[in-house]
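Observations on the model geometry
Residue strings, one per chain:
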Amino acid sequence: MNRKLRIGLKLFGWIFVLVWLIYGLNYANKTYNSTKCTAVNVRVIDSLQVKLIDAKKIHKAIISSKNSPIGMPIKSINTYKLEQEISKMAAVRDVQIFKTASGEINVEIKQRRPILRVFNAKGQTYYIDDAGKILPHSSGFAANTIVASGNIREPFKIKPNFDISTYADSSVGGKQSLIYKLYKFAKYVSRSRLWNAQIEQLNVQDPNNVEMVPLVGPHVVNLGDLSNFEIKLKKLKLLYQKALPTEGWNKYSYINLKYKNQIVCTKNIYYGTRQ
């Protein structure tokens, strides 16, 4: 086979491949344009960690709305607009929507992660998520978080998505707010396997006396004003590791950590009758 013939055959082969690709793409495009939406699939990515959103309810809300994508040409469905609508839900952190050539819409949702539930002095209750934003409490979901209650007075109006880190700087409102300190404490605890399992409630007597109620043991722990709480928790951990296993978890009713370089413990008093 001479050189010119080989070059001609190669050129013909490339032209054939190019024509086939153009035809295939054109056919696929026509098929896609005529394809209608047949299904909506909703997946909550982090459903094992947080249970604030029900995928079945989201699915029902999408297909039963007046703008339901079912039956619409897949090409004409505005996924951005649909994402914006779903993002309005209080518990949604992020949503991504993808269309498939087969006519399906896949919805993937990430939830906000509450780390603290607050019951303030006015009787209001709400969550704060790990980003420091307010998440309204709803009867439609519940989160397993630390509960802070008592004399809690926010220097701002409670509203959804309000960023409490605005009050992290001492230049705002004169000083760092108690609610921000509670959030920082809850965030620290949520990242610790030990404290996340041990701490269930904070009772706020006043900004200088925040009491912690542990899950294990009959004692209450006074953390003081939450300043240097990391150091205070380290002292408490040493007490848990070295003293209580020997002396017994029921020995103390009150553990005070508010004083620097010392732990003040109050013993339980047992009353009984002689036999």
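Given the structure is predicted, the values throughout are model-derived calculations rather than measurements. (Residues numbered from 1 in each chain as written. Predicted model: local features only at pLDDT ≥ 70, side-chain atom pairs only at ≥ 80, totals over all residues. Heavy atoms only, no water.)

1. Some remarks on the overall build of the chain
Where we set the bar: Per the convention used, a helix needs a DSSP run of H or I reaching at least four residues, while a strand needs a run of E reaching at least two, with both numbered from the N terminus. Type-normalised accessible area, obtained with a 1.4 Å probe on protein chains alone, sets the label of each residue: buried when under 20%, exposed when over 50%, and partly exposed for intermediate values. Here, residues are in contact when the closest pair of their heavy atoms is within 4.5 Å. Per-residue and other accessible areas follow the Shrake-Rupley method at a 1.4 Å probe size, with only the shown protein chains counted as cover for residues.
Each helix and strand in the chain was counted, giving 6 helices and 12 strands. Residues classed as buried in the chain amount to 36% of the 275 residues present. The long-range share in the chain, meaning contacts at least 24 apart out of those at least 6 apart in sequence, stands at 55%. Carbon and sulfur atoms make up 54% of the accessible area of the chain, which amounts to about 17,400 Å² in all.

2. Observations concerning the environment of Leu-135
Here Leu-135 shows up in strand β6 (residues 134–136). Leu-135 gets classed as buried once you look at its relative accessible area, which sits at 0%. Considered as a pair, Leu-135 and Arg-117 are 18 residues apart in the sequence and their alpha carbons are 9.2 Å apart.

3. Overview of helix α6 (residues 229–247)
Applied cut-off: In this scheme, the bend at a residue equals the angle between the axes fitted to the seven residues that finish there and the seven that begin there.
Taking the largest bend as the criterion, α6 deviates by roughly 40 degrees, centred on Tyr-240. Three or more residues of α6 are buried, namely Phe-229, Lys-232, Leu-233, Lys-235, Leu-236, Leu-239, Tyr-240, Ala-243 and Leu-244. Looking one or two residues beyond α6, the residue adopting positive phi is Gly-248, at roughly 105 degrees.

4. Regarding a nonpolar patch on the surface
The condition is simple: A patch consists of residues whose relative accessible area exceeds 30% and which take part in no salt bridge; residues with like charges are grouped when within 9 Å of each other, and nonpolar side chains (Val, Leu, Ile, Met, Phe, Trp, Tyr) when within 5 Å. Criterion for a salt bridge: a side-chain nitrogen of Lys or Arg within 4 Å of a carboxyl oxygen of Asp or Glu.
Together, Leu-215, Val-216 and Trp-249 make up an exposed nonpolar region whose accessible area comes to about 270 Å². The class for Trp-249 is partly exposed, based on a relative accessible area of 32%.

5. Looking at the pairing of strand β4 (residues 114–119)
Definition in use: Strands were regarded as paired on the criterion that DSSP finds at least two bridges between them.
Along β4, 5 of the 6 residues are buried, which leaves the element largely enclosed by surrounding structure. Bridge count for β4 against strand β5 (residues 125–129) is 5 bridges, and the pairing is antiparallel. When the bridges of β5 are listed, Phe-119 appears paired with Thr-125. Connecting β4 to the antiparallel partner β5 that follows it, the hairpin turn spans 5 residues, and Gly-123 within it adopts a positive phi of roughly 85 degrees. Here β4 runs beside strand β7 (residues 146–150); their pairing, made up of 4 bridges, is parallel. From the neighbouring strand, Val-118 faces β7, where its bridge partner is Ala-148.

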